[in-house]
Amino acid sequence: DVKVTQSSRYLVKRTGEKVFLECVQDMDHENMFWYRQDPGLGLRLIYFSYDVKMKEKGDIPEGYSVSREKKERFSLILESASTNQTSMYLCACGGWAEAFFGQGTRLTVV
Amino acid sequence: GQNIDQPTEMTATEGAIVQINCTYQTSGFNGLFWYQQHAGEAPTFLSYNVLDGLEEKGRFSSFLSRSKGYSYLLLKELQMKDSASYLCAVRDTARYGQNFVFGPGTRLSVLP
């Protein structure tokens, strides 16, 4: 089974802090994605990557950046956390047929 | 997910059949997916349709009509554990290559 591991299940950060969310997959998938999930809005794509050092903006990239230095690792960075970035963050990887999700990180910015 | 529509909530009784509809608009359709998500957990893959017709997998079936931009997920012999959100997702190659675009999800409550 594909395993996608996110570094934290729950995280509380202060406004203005720089926040790193890490995601590691144990399969050889080129594609990796970061979503945020909010009630009533569903999953919205923040950034995705098709290969090492490659990144593309999704629907809501503002306030975020990403890093993909190794194929198995895709990091989401909040440069200066704000309260409106309080959300559930989901990492996924996938090939042609389906996406595999990590367990999610519930981030609260206070 | 602004191009994908699903009902927000549905309620059904244990043992019954429920159909969850999904309509979508895309320029480069290349597959429709259904995911199940229990509260506080990650979405898990249920089904994948790329051609018109019905795909059956145990108690769950998924239907696709590409000309109508329409899909449904059919759940038979409902069980309490089927209470979850069901997410419709489309691969739209005209937008983001192999990216999945998700609908808002349908929260299903199964009552005894």
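Above this text you will find the structure in question.
All values derive from a computational prediction rather than experimental measurement.

Engineer: How would you summarise the pattern of salt bridges if you had to cite specific residues and measurements?
Structural biologist: All names here are of chain A. Under the defined criterion, the tally for this structure stands at nine salt bridges over all chains. We note a salt bridge from glutamate 79 to lysine 18, for which the minimum N-O separation is 3.7 Å. Remark: lysine 18 occurs in the loop between strand 2 (10-13) and strand 3 (19-21) and glutamate 79 occurs in the loop between strand 9 (73-78) and strand 10 (87-94); sequence separation between them is 61 residues. For glutamate 79, a relative accessible area of 41% corresponds to the partly exposed category. On the basis of relative accessibility, which here comes to 46%, the residue lysine 18 falls in the partly exposed class.

Engineer: Run through the layout of surface pockets, naming residues and quoting values.
Structural biologist: If you add up the space inside the largest pocket, you get close to 620 Å³. Taken together, 28 residues make up the lining of the largest pocket; nearest its centre are A:Gln37, A:Pro39, A:Gly40, B:Ser85 and B:Arg107. Residue assignment for the lining of the largest pocket shows that the elements contributing at least two residues are strand 5 (31-38) and strand 10 of chain A together with strand 9 (84-92) and strand 11 (106-111) of chain B. Considering only residue class, the lining of the largest pocket consists of nine nonpolar, 14 polar and five charged.

Criteria and cut-off values
In this convention, every chain numbers its residues from 1, walking through the sequence in written order. For naming, the first written chain is A and the first written ligand is 1, with later ones following in the order written. For a predicted model such as this one, the threshold for reporting local features is a pLDDT of at least 70, and the threshold for listing and counting side-chain atom pairs is 80 or more; totals across whole chains, interfaces and linings nevertheless cover every residue. Heavy atoms from the whole structure form the basis of all side-chain values; hydrogens and water molecules are not counted. A pairing counts as a salt bridge when a side-chain nitrogen of Lys or Arg comes within 4 Å of a carboxyl oxygen of Asp or Glu. Secondary structure is summarised from DSSP: a helix means a run of H or I of at least four residues, a strand means a run of E of at least two, and numbering begins at the N terminus for each. Accessibility here uses a 1.4 Å probe with only protein chains present; expressed as a share of the type maximum, an area under 20% marks a residue as buried, one over 50% as exposed, and anything in between as partly exposed. A cavity here means a set of points on a 1 Å grid, drawn over the protein atoms and nothing else, where a 1.4 Å probe fits but cannot get out; a pocket is an open set with protein on both sides within 12 Å along at least five of seven lines, and a residue lines either one if it has an atom within 4 Å of a point. Grid points are joined across faces, edges and corners, and a volume is the space filled by probe spheres set on the points. Each residue receives one of three labels: charged for Asp, Glu, Lys and Arg, nonpolar for Ala, Val, Leu, Ile, Met, Phe, Trp, Tyr, Cys and Pro, and polar for the others, Gly being one of them.

Remember, this is a structural readout, not a statement about activity or role.
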